[in-house]
Structures are given as C-alpha cells and as structure tokens.
Amino acid sequence: MKKWLAALTLYPLSVYAYADIFAIYRNPDGTTKWQWVANSALSLLIITLLVVAIFLLIANSRGRRVNRELTDIKATLEDRVARRTASLIETSEVLKSREQYITNIVESLPLMLIGLNQDMHITQWNQVAEAATGRSVANVLGKNLWEAYPTITLTPDQVSEVFRSKKTVTIKHSQRDQYYFDITIYPLADNDETGVVILVDDITKQMKAENKVSERDKMSAMGELASAMAYDINLPLQSILSSLLASQEKLAENDPSQIKNELLKTLKEARLSGEQASSIIQNLLDLANSHNDEKAPADITVLMDQSIKVADNLFTDLSGLRFSAIDLTRHYHEGLPQIPCYQSELQQVFVRLLRAAFHSLNHKEQEHPAINIEISEFYDSLWIKVQHNGKALSPLEQEDIFQPFFSISDREPACPVENRLSYSYFIITDHHDGQMSVTSDEKFGTCFNIQLPIA
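Just so we're clear, the structure is a prediction, and the values are computed from it rather than from any experiment. (Residues numbered from 1 in each chain as written. Predicted model: local features only at pLDDT ≥ 70, side-chain atom pairs only at ≥ 80, totals over all residues. Heavy atoms only, no water.)

Colleague: Tell me about the side chain of E397, residues and numbers included.
Modeller: Structurally, the position occupied by E397 is in helix α11 (residues 395–400). No salt bridge is formed by the buried E397, whose closest oppositely charged neighbour, K391, lies at an N-O distance of 5.6 Å. At a separation of 2.8 Å, a polar atom in the side chain of E397 contacts the main-chain amide nitrogen of S394. (Helix = DSSP H or I, 4+ residues; strand = E, 2+ residues; numbered from the N terminus. Buried < 20%, exposed > 50% of the residue type's maximum accessible area, 1.4 Å probe, protein only. Lys, Arg positive; Asp, Glu negative; His and termini not counted. Salt bridge = Lys/Arg side-chain N within 4 Å of Asp/Glu carboxyl O. Polar contact = N/O pair within 3.5 Å; in protein donor to acceptor, adjacent residues only side chain to side chain.)

Colleague: Please provide a residue-by-residue account of the pairing of strand β1 (residues 112–117), values included.
Modeller: Most of β1 sits out of view: six of its six residues are buried. Burial of β1 is two-sided: the residues M112, I114 and L116 facing one way and the residues L113, G115 and N117 facing the other way are all buried. Relative to strand β5 (residues 194–202), β1 runs antiparallel, the two being bridged by six bridges. When the bridges of β5 are listed, L116 appears paired with V196. One ladder, built from three bridges, connects β1 with strand β2 (residues 122–125); its direction is antiparallel. Considered in β2, the bridge of I114 is made with W125. Connecting the antiparallel pair β1 and β2 is a turn made up of four residues, with M120 showing a positive phi of about 70 degrees. (Pairing = 2+ DSSP bridges.)

Colleague: Provide a residue-level description of the pattern of salt bridges, including the pertinent values.
Modeller: For the coordinates displayed, the defined rule picks out four salt bridges. With its nearest N and O atoms 3.1 Å apart, the salt bridge here joins D79 to R83. Linking D79 with R83, this pair stays in helix α2 (residues 34–108), spanning four residues, or about one helical turn. Looking at D79, the relative accessible area reads 40%, which means it is partly exposed. E161 serves as the salt-bridge partner of R164, at 2.4 Å between the closest nitrogen and oxygen. Here the residue R164 and the residue E161 both occupy positions in helix α6 (residues 156–165), the gap between them amounting to three residues, near one helical turn. Under the relative-accessibility criterion, E161 is labelled partly exposed at 36%.

Colleague: Give me the lowdown on unusual backbone geometry, citing residues and values where you can.
Modeller: A positive phi angle, close to 60 degrees, is found at K166, a residue other than glycine. In this structure, K166 sits in the loop between α6 and β3 (169–175). Despite not being glycine, Y379 has its phi angle at roughly 55 degrees, a positive value. Tracing the sequence through the fold places Y379 in the loop between β9 (370–378) and β10 (381–388).

Colleague: An account of the nonpolar core is requested, with residue identities and associated values reported.
Modeller: Within the largest apolar cluster, 45 residues are counted, with the highest numbers of intra-cluster contacts made by I300, F323, F350, I371 and I450. Those elements giving two or more residues to this core turn out to be α9 (300–314), β8 (339–341), α10 (343–362), β9, β10, α12 (422–431), β11 (435–441) and β12 (445–453). Dropping the residues within four chain positions of it, I450 is found in contact with V349, F350, L353, L382, W383, I384, I428, Q435 and M436. (Core = buried A, V, L, I, M, F, W, Y, C linked by side-chain atoms within 4.5 Å. Contact = heavy atoms within 4.5 Å.)

The following block contains the structure:
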C-alpha cells in the first residue's frame, strides 16, 4: 500500500523531469554554451569557497574559545596543583608533628612500655624500658621479648591469651614491702597487622603510702576503741576502789556490826561496778571475735534492740545517771526491709552512739533525760536517727567528732579521743557505703543521722 501511495505522489512530478541535466548548457544546434558553463562553475566555486570560509571562521572561533578554556583550565590546574602540593606539605608536617608528639608521649611515660607483634617480637621499647633492662631500643627491636628481657614476670601463654580473647588483662606482681607492679596487656588490631602493648607500672611508692595510710587508720581505730574502753572501764574500777577505800576507813573507825548495812550497800555497788567492767570487756572480746568477711541480710531494728540491751549493761555511773533511767523512745516504721551488712560492726556503731548520748546526758542536769531512736525507709535507703537532749556539741566538737584522734590541725582538738566516732564513721561510709552526720544545738539537742543503702 505504501509503495502505491509513493508512486502516485511522484507521478505528477515526473512530467517536469528532464532526461539530460546538462541540456540547459547546449544550443539548439547541439553546441555547448561554454560561457554558461564557466559562469556556473565559477558560481559554484565561489559558493563552495564561501561555505568553506564560513566553516573556517566558525572553526577559528571555536578554536579560540577552546584555547581560552584550555588556558583557563591550565591556570586553574596549576593553581590546584600548587594548593594540593601546599596541602600535602602541610599535612606531612602535621603528621610528622603528631608522630613526634606521640613518640614524646611514649618516651615520657613514667612506666615501661613494650610493643609486640603477633610473632611476639618487640616493636616498641621506650626509655623507661631501656633504663629498667639496661638494653637500648636498637638492640631489642625485632627480637623475641623473652630473649631480650628474660626476667619479665610474664609468660608467652598470658600474652597469647590476650591475642586470642582480644581483651585487656591486668596482672599484679608484688613482694610484700619490697616491690609492687601492675602489668597491663591490651590488644591492638588493624586491617594489616595485630599486636599487643605491655605496660609495666611500678606502684611501689604508691602501695607503700597506701599501706601506711591503712596502718594509720587501723591504729586510729584501735586507739579510739582502746581509749573509749579504758575510759569506760576506768569508771567502774574507780567506783570499786572508792568503795573499798571507804569500807576500809569505816572498818578501821567503827565496829563492823554497827556498819553492817552500810558495808553491804558498799559491796553491792562494788559488785555492780565489777559486773559493768566485766560487760565492757566482754563486749570488746565479742567485737574482736565477730569479724565476718561477707555481708549478711539483717533486720536493723533487731540490731538496734540488741545494742540497747548491751548499752544497758555497759553504761552506768553509780555517782550519776544510769542508762536504764533514761527515757528511751523507739519509732520503727513498719515493713522495713532487711539490708546486707556486717551485723557486729553495725551493732558496735549503735552502741557507740548510745554511749555518746549517755555521756552527754550525764554531763547535763536534766529533769527528763531522753533518747529518741527513729528508723525509717526513704527511697532506696534506711535512715537511722539517734537524738538526745543532753549536753550539745560545740561547732568545733562537731568538726572533730568524726576525725581520727591524731589528725593534723593548727588548733587543739575540741573533742577528746574517747568521745570520737571516727571508727563508727569509717564503718558506715567505707564498709557499708552509707553516710553519717551530726547536728547539735542547745535548743533541739543532738541528733546523729545514718543513711544506709538498702541494696
């Protein structure tokens, strides 16, 4: 169909078609019209040259534009190359600076640093390692660690375990009172190579200082306990001696039958004083024999009641106040949880607080001596309050009461050693992660506050 349509379209045009395209250049007689041929050829040449000239002009314009663009690109490229070169130089300087900085850090570390690759060969060896071993870095690099440093207190198995687990390991090596070392091995890893770094820290001075502080704290606690016990024991002993002396004088001056009742009364008081002294000594022995390495859940109210019973046996001044004569009020909230603690230690803390209250009440004339004990739960803690209306603590005594008796101060201590509670404070804060404080004034009395975490 398309072919027939094309034939019908071309048919009308075929009428005007010439069989000879050069017929226009011939005369009727068949001779050639050379003038027309020349004119046509010249016109064709001029048109061709004009077209070529136009193309050349366009090409020239394009060439100039391309040249300008190339010139701009060249200039820009040179500038970019210059800037890139400057950036590379700057980066290289920064890298060198950082490398030098890291090297200085490694060399300035006050502990031995040793780097090992996966074959256990040394890759790092700082100045402390050189000083400790007497071998320079040039002599040990690339060598096996145990060949270069055979006295190191590490084994290949320990280092291999770090390679395997990829976890940091700290090993303590010590000889009591001679040297203490912390050896830390931690792994390094990248895409190409793995290794470990060994840090050997000589903590001998630190440990000796800590041991001295620990010994000082122990001596402080022993001194405080000994002073308090000596003070408490001295009271009944003085009473016994006073009673015996009075009895001796009465027997020397009177007939025993006439002073029988007085002697019996004096002997009864002496017996009570002896029992009190015996209770104090037994309490000290119980404290010495009750140490436990693990905490156990305990009901604080039960411990407080036991402490009150102990205080009733321990604290009696025959010439003054008896603990049993004090109006003691207990406010225990219901549903209090048990808490993990060292029971004997907390009981001693409570006994010491009751002792402090007893002596304060005994040093103040009071018509109604009273101790108020409250135990409650607040959020995640137990709060214990021991409040009394005895003699108030001065501001300086409040500062000193929780401090060790030999603490360095520019002034004379305001609180006598036998009345201090530094050991109780240590038990609450260090052994039980709690808090302990005191508030005191003449109007509201004195209140000791203890906070103990429930879990």
